[in-house]
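Here is what each chain is made of, one letter per residue.
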Amino acid sequence: MQIYSISLNEGKMKKYICKRLGIAVLMLLGVTMIIFAIIRLQPGNPFLMMVQFDTDPAFMEQKLQEIGYYDPLPIQYGKWLLRALHFDLGYSIQYNAPVANLIADRFGNTLLLALTSFAISTVIAIGIGVLSALYPNSIMDRIMTLLAFIGVSIPVFFFGLLMIKVLGYDLKLLPFSGIETIGKHYEGMARAKDIAKHLVLPALTSALTQTASLVRYTRASLLETVSEDYIKTAMAKGLTRKQAIIRHGMKNAKLAIITVLCNRIPDLLSGALIVETIFVWPGIGMLNYQAILKQDYPMIMGITLMIAVIVIICNLAADLLYSAADPRIRCEE
Amino acid sequence: MKKKICMTLALAMTVSAVLAGCGVGAKNEGVTETKAVSAETKADTNKNTDASTDANTDASTNADTSVIYGTPTAPVGTFNPIISYMGSDNLINDLVYSALLDMKPDGSLTGSLAESYSVSDDQKTIEFTIHDGVKWHDGDDLTVDDVIFTLESIAISPDDFSKVSRIEGAADFRDGKSEHMSGITVDGNKITIRLTETYAPFLNKIGRCGIIPKHIWGEIPFEEWGTKTELLNNPIGSGPYMLTKYNSGESVELKAFEDYFEGAPKIETFVLKVVNGDAIAAELSSGNIDIVDVKELKNSEVEDLENEGFVKHSISDDMYQYISFNMRMPIFQDKNLRQAITYAIDRQSILDNIVEGRGSLIGAPFIPGGWAEPAAGELNDYAYNPDKAIELLEASGWKDEDGDGIRENKDGEKLQFTLRCSNDSKTRENAVLYVKECLKKVGIDINVSIEEDSLIADDCIFNHNFEMYALNCYFSSDPDPYFWWHSDSATDEPGSGSFNFGSYKNDDVDKYIIEAENTMDQNERAAYYLKVAKQINEDAPMIFLYVQNREIMTNPNLKGFDPGTFNVYYNVANWEMTE
């Protein structure tokens, strides 16, 4: 009986994944088409900045011809799509380098920053959320709520500059720009330590706003769970309140928490633009922003594609995690 | 339970695999050193309290010194002076490549790669004598072939052809009709260039272009240069510094070139570091950078830095801010109206209050401090005079009959304009808003529209779709105003752009500009430019708002820094970092 139901589940699971992947491909096409159309609506063209006073007027025309600017939009999109399927994302207009390489170079940095701040904020937020649920309306709870409000309201750039001033400039504790110390070419552990030192300020700044909003979710979700009947039942059975919440309450709050966490990942990976700018962290955020300002179409499309893929993977992962976390979902198909 | 553990482990492993695959940290790109180099360089800042541990450095060699130049715009890696166009890339190109001539801080030219040059009596032939024994960073010798190759590459580059267009045979060469430009001849280490006509700015244009190595770029067709990312990011030049590491978006590291033909630079390491515009003061103060532009900082911040001991160097900015009338519109053909508007604006107040006094006013498009600047007192300074403005307006029939505060003429046309301003400078935005107030007082209604840079470029520059607009205009390193003020530089059909945006056309100005181009004598040119200045000043087709000072602050230990507006790196090989 046991074995039979597992294989049934696996069969359903496979079908489910296939269906989701199919939808995912359609979504990718839709997203890239829309973004392509939108960025082409921008006035101007990528070469406006290149034109100087003694430039031959025909120069810009020629450059635009080269990138196929005058082809009808659907054809341009089609060409891009065809190359993308061969993993060729084209050449960046401003960097004169393959888009795929530029993104790959910087993606690791954004990933590092994203994961670190994600980890910090998650740990803190869940910790605070659990504590608030355990001791609702205590003084500590109220203070935490107040801090959460403040955290959500402070603009990220302000907090970043504050960190630079206090920790970087006044106290001279930590470096506040770049990812590695210039001029020193460390290897191995020394390099890891150097990067870690540079990572502290950006990660903390990025974690702040995330923590603040996440705390409110975890707290609300846990409080709701805590007032459920089954907690009372568990306590009636002999568990202390604390044990009841942690053992039973968390399981149910998990779903809400997974939703929030999986929603945040695409945000993080598309690059915390402001944090990266303030701390001159060479990541995807800055790359994307510069590309949009300079109308570097191949770069914009490359990054859009990447973000779209990440979002889809995250959604899929979220669904899979749901079914792993909650048996009820598995059997509902 | 087991399933959960497995899934978590799987997730963790995937993540670490992705991390390892993507590569974290600054991307390593550097030229492998072909020559044995002295001891590894060490970053040395003056705020380093561990200075005493540098006991083993020999005081006379400065072997471990470094200078860090901070910039808010990251270079994009196109380190080939013929195809690069970003100012931040040129900051690197100017160190890596040497040029025929060097430019002193006042704008005059002196020999560099060309140890001397002479101009013939008919002013159409120039002879450059190239230094002997110049080497490229990869050890090869630089010869006249490289210089000719560079000139020929400029000729086939679509946007720079005009720089060499006056060399005899240039057009034929570009069109493929001949293998070389007939006007260029070589004799040993002397290159003689014959021009079809005298063109004063030629020396400047050709003299300041970086010379590129034929043995690297000669094999590759010009159209493909833009795709050679490896070569672009790892340039080989003959300049004082060679590029060792390009960290995209973050910094560029360079090392002194021991065999530099003018003597190895005294400072061993040069770093260009990208800094956030808001953290400039903090970076300078902490010793993270040694040189930085502080134009955008407030007076108080600059004073604070000066009090900490940093040195301020003040030179003219390479651009001026202006408001242009669209001279294609009939209403602006009336000189009284244009002059009235100019008189009605209190430009001194803008300079004193909005620019905080850190700049100067000009009456004509010539850079302050340059040799072509009209002498004081020669031009009408249009000092703030609202009464005179009103007098001129009424003389042209603009009166406010209906009492709504806006003047109109007999046909009922109102003095109402839209002034479009690009959003890339807060200072200019504030100036424009103040202009609106000034003009309101004399009965002119201005609707200010702050817009995105590229929109202004598109609409105003290419489609001539504007009434008035505010933007910045660059000074060229040679004062020739042809491309901005000659009637041939104006286009009136939508879709075609060139730099006489307002479409100002005046026969006398045209004549003087051409005459100034036809002589290489600096004094004669200055005399013509004075006439140009006076005419433009009289016609008032443009309101010259202000020229900001470009202030650069440096570490007090940096000696020998002597920047000019168009050559920040003047004398870079002799800069020193004392303790």
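Rules and cut-offs
- Residues numbered from 1 in each chain as written.
- Chains lettered and ligands numbered in written order.
- Predicted model: local features only at pLDDT ≥ 70, side-chain atom pairs only at ≥ 80, totals over all residues.
- Helix = DSSP H or I, 4+ residues; strand = E, 2+ residues; numbered from the N terminus.
- Buried ≥ 20, exposed ≤ 12 C-beta atoms within 10 Å, placed from the backbone.
- Contact = placed C-beta atoms within 7 Å.
- Core = buried A, V, L, I, M, F, W, Y, C linked by C-beta atoms within 7 Å.
- Pairing = 2+ DSSP bridges.
- Nonpolar A, V, L, I, M, F, W, Y, C, P; charged D, E, K, R; others polar.
- Axes fitted to C-alpha atoms, helices over the stretch in contact; angles between N-to-C directions.
- Parallel < 35°, antiparallel > 145°, perpendicular 65-115°, else oblique.
- Left-handed = near helix turned anticlockwise from the far one by under 90°.
- Arc of directions from axis to C-beta.
- pLDDT = per-residue confidence, 0-100.

Caption draft 1: Seen up close, the overall build of chain A. Per the secondary structure count, chain A includes 13 helices and 0 strands. The linear arrangement of helices and strands in chain A, starting from the amino end, is α-α-α-α-α-α-α-α-α-α-α-α-α. Counting only C-alpha atoms and orienting by the principal axes, one finds that chain A spans roughly 85 × 60 × 40 Å. Counting over 333 residues, chain A shows a buried share of 34%. In chain A, 71% of the contacts between residues at least 6 apart in sequence involve partners at least 24 apart.

Caption draft 2: Region of interest: the overall build of chain B. Helix and strand counts for chain B come out as 18 helices and 20 strands. For chain B, buried positions account for 44% of its 579 residues.

Caption draft 3: The arrangement of the nonpolar core in detail. Core analysis: the biggest nonpolar cluster contains 205 residues, and B:Tyr322, B:Ile323, B:Ala344, B:Leu419 and B:Tyr469 have the highest contact counts within it. For this core, the element with the highest residue contribution is helix α4 (residues 99-134) of chain A, accounting for 12 residues. Setting aside its immediate chain neighbours within four residues, B:Ala344 contacts B:Pro386, B:Ala389, B:Cys438, B:Leu439 and B:Val442. A:Ala133, A:Ile245, A:Ala253 and A:Ile257 belong to the second largest nonpolar core, which has 6 residues in total.

Caption draft 4: How the structure looks around the pairing of strand β6 (residues 184-187) of chain B. Residue and element names in this part refer to chain B. Direction of pairing for β6 relative to strand β7 (residues 190-194): antiparallel, over a ladder of 4 bridges. Paired with Val 186 across the two strands is Ile 191, which belongs to β7. In this structure, the hairpin formed by β6 and β7 is closed by a connection of 2 residues, where Gly 188 is found at a positive phi of approximately 65 degrees.

Caption draft 5: Seen up close, unusual backbone geometry. Its identity as a non-glycine residue notwithstanding, A:Asn96 has a phi of 50 degrees, on the positive side. Looking at the element boundaries, A:Asn96 is found in the loop between α3 (73-85) and α4.

Caption draft 6: Examining the interface of chain B and chain A more closely. Each partner contributes to the interface: chain B provides 58 residues, whereas chain A provides 48 residues. It is helix α1 (residues 2-22) of chain B that provides the largest number of residues to the side of chain B that touches chain A, a total of 6 residues. In the side of chain B that touches chain A, the residues fall into 23 nonpolar, 23 polar and 12 charged.

Caption draft 7: Region of the structure containing the packing of helix α11 (residues 284-293) of chain A against helix α12 (residues 297-325) of chain A. Residue and element names in this part refer to chain A. Viewed as axis vectors pointing N to C, α11 and α12 meet at an angle of 140 degrees, and their least axial separation amounts to 8 Å. Relative to α12, the element α11 lies oblique. For the crossing formed where α11 meets α12, the hand is left-handed. Two secondary-structure elements touch here, α11 through Ile 284, Leu 287, Asn 288, Ala 291 and Ile 292 and α12 through Met 299, Ile 300 and Ile 303.

Caption draft 8: Fine view of helix α12 (residues 347-354) of chain B. Residue and element names in this part refer to chain B. Where α12 is concerned, the buried positions are Arg 347, Ile 350, Leu 351 and Ile 354. An end-on view of α12 places all buried positions within 110 degrees of arc, on one side of the element. Those residues of α12 that are buried lie in contact with β14 (359-360), α14 (426-441) and β18 (542-554). Looking one or two residues past α12, Glu 356 carries a phi angle of roughly 55 degrees, positive in sign.

Caption draft 9: Here's a closer look at the packing of helix α11 (residues 335-344) of chain B against helix α13 (residues 386-395) of chain B. Residue and element names in this part refer to chain B. Orientation of α11 relative to α13, taken along the N-to-C sense of each, is 160 degrees, at an axis distance of 8 Å. On the basis of their axis angle, the class for α11 and α13 is roughly antiparallel. For the element pair α11 and α13, the recorded crossing hand is left-handed. Contacts between α11 and α13 involve Asn 336, Gln 339, Ala 340, Tyr 343 and Ala 344 on the former and, on the latter, Pro 386, Lys 388, Ala 389, Leu 392, Leu 393 and Ala 395. Tallied by class, residues from the contact of α11 with α13 come to 8 nonpolar, 2 polar and 1 charged.

Caption draft 10: View of the confidence of the model for chain A. All names here are of chain A. For chain A, the average pLDDT comes to 79, and 92% of its residues sit at 70 or higher. The lowest-confidence element of chain A is helix α13 (residues 327-331), averaging 63 in pLDDT; the highest-confidence one is α4, averaging 86. Here residues 1-5 is a poorly scored stretch, pLDDT under 50, and it has 0 contacts once near neighbours within four places are set aside; other chains count.

Caption draft 11: Region of interest: the confidence of the model for chain B. All names here are of chain B. Across chain B, pLDDT averages 84, with 89% of residues at or above 70. Segment residues 17-22: pLDDT under 50, and 9 contacts once partners within four positions in sequence are set aside and those in other chains are kept. Here residues 26-61 is a poorly scored stretch, pLDDT under 50, and it has 50 contacts once near neighbours within four places are set aside; other chains count. Interface scoring of the predicted complex returns ipTM 0.76; its pTM is 0.77.

Caption draft 12: Region of interest: the environment of B:Ala540. Residue and element names in this part refer to chain B. Looking at the secondary structure, you find Ala 540 in the loop between α18 (522-539) and β18. Judged by the 21 C-beta atoms lying within 10 Å of it, Ala 540 is buried. Along the primary structure Ala 540 and Ile 341 are separated by 199 residues, whereas in three dimensions their C-alpha atoms are 9.2 Å apart. Residues contacting Ala 540, with those up to four places away along its chain left out, are Lys 335, Arg 338, Gln 339 and Thr 342.

Caption draft 13: Structural view of the sheet that holds strand β5 (residues 125-130) of chain B. Residues and elements named next belong to chain B. With antiparallel pairing, 4 strands are arranged side by side in an open sheet as β4-β5-β7-β6. Each end of this open sheet is capped by a strand with a single partner; those strands are β4 (114-119) and β6. Direction aside, neighbouring strands of the sheet carry axes that sit 20 degrees apart on average. Along the sheet, helix α3 (residues 144-156) makes contact with β5, β6 and β7, crossing β6 at roughly 175 degrees.

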